[in-house]
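# What the coordinates show
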Amino acid sequence: DTAVSQTPKYLVTQMGNDKSIKCEQNLGHDTMYWYKQDSKKFLKIMFSYNNKELIINETVPNRFSPKSPDKAHLNLHINSLELGDSAVYFCASSHWGSGSTDTQYFGPGTRLTVL
Amino acid sequence: QQQVKQSPQSLIVQKGGISIINCAYENTAFDYFPWYQQFPGKGPALLIAIRPDVSEKKEGRFTISFNKSAKQFSLHIMDSQPGDSATYFCAASGGRGGAQKLVFGQGTRLTINP
């Protein structure tokens, strides 16, 4: 019954490594998002995809590359990890096309710690 | 540029009291104002939302008050319960169709003392 799922839940890695976070939704939505929540709990959108097409790209370093193999999946790949990348990353999904009022459903988050 | 400002950063309320969290926005193109609730270790979940064509929306113990001219909106939690202890985020988005670009406030950590 999980609506938006993310793997892994925790990710601990060394600086300079490359890592991926996976997201899947079973809500039948066609729009998916990645958010970053920093240590002060501030939530900021990073990317949004609609039907595998990049729609929102918010001044994120190009070390971050989202990939959407289909509309139910949106993965986040991060190259050359830096200490400042440590955060909780949330995936979310919503319907497309109804305007700005669509509810976004968030996943449980992936806590990334870069040592 | 912080487009949605939220206060207070933290709030302690006694059980049964009223919790009030305030937000102010700058962008007049915003036309949707949701509040999200986040428990530790979980993702944010939509609590209640309002459009600017109404001044108030109530769902159970939760009420949003909206002041379009002042560009402010607030969340009121009546009869606050220990189970309401969580971090609350106001947000705003705007535009027609497409992906919803939510801009979040800084969050308020609410603690309800039993």
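Quick look at the structure, then. Predicted, not measured: the structure shown is a model, and the values here were computed from it.

## Comments concerning the packing of aromatic side chains
Summed over the entire model, instances satisfying the criterion amount to 17 aromatic pairs over all chains. A centroid spacing of 4.7 Å and a plane angle of 45° characterise the contact between B:Tyr25 and B:Phe33, whose relative ring orientation is tilted. When sorted by exposure, B:Tyr25 lands in the same class as B:Phe33, which is buried. Where B:Phe66 meets B:Phe73, the ring centres are 6.3 Å apart and the plane angle is 35°; that geometry is what we call tilted. Just as B:Phe66 is buried, B:Phe73 falls in that class too. Three or more aromatic residues joined by ring pairs form one cluster here, namely A:Tyr33, A:Tyr35, A:Phe90, A:Phe106, B:Tyr36, B:Phe89 and B:Phe104.

## Some thoughts on the interface of chain A and chain B
Where the parts come together, the accessible area they lose is often given as the size of the interface. Between chain A and chain B, the contact holds 26 residues from the first and 27 residues from the second. For the pairing of chain A and chain B, the buried interface totals around 2,000 Å² over both sides, and the portion due to carbon and sulfur atoms is 56%. Between chain A and chain B we count 1 salt bridge in total. Ionic pairing is found between A:Glu58 and B:Lys101, a salt bridge with its closest N-O pair at 2.7 Å. In this structure, the connection of chain A to chain B is made through 4 residue pairs in polar contact (both at pLDDT 80 or more). Contributing elements (two or more residues each) for the side of chain A that touches chain B: strand 4 (31-37), strand 5 (43-50) and strand 6 (53-57) of chain A. The dominant element in the side of chain A that touches chain B, judged by the number of residues it contributes, is strand 4 of chain A, at 4 residues. Of the residues assigned to the side of chain A that touches chain B, the class counts are 11 nonpolar, 10 polar and 5 charged.

The rules behind each value
Residues numbered from 1 in each chain as written. Chains lettered and ligands numbered in written order. Predicted model: local features only at pLDDT ≥ 70, side-chain atom pairs only at ≥ 80, totals over all residues. Heavy atoms only, no water. Phe/Tyr/Trp six-rings, centres within 6.5 Å; stacked < 30°, edge-to-face > 60°. Buried < 20%, exposed > 50% of the residue type's maximum accessible area, 1.4 Å probe, protein only. Contact = heavy atoms within 4.5 Å. Buried area = accessible area lost by both parts, 1.4 Å probe. Salt bridge = Lys/Arg side-chain N within 4 Å of Asp/Glu carboxyl O. Polar contact = N/O pair within 3.5 Å; in protein donor to acceptor, adjacent residues only side chain to side chain. Helix = DSSP H or I, 4+ residues; strand = E, 2+ residues; numbered from the N terminus. Nonpolar A, V, L, I, M, F, W, Y, C, P; charged D, E, K, R; others polar.

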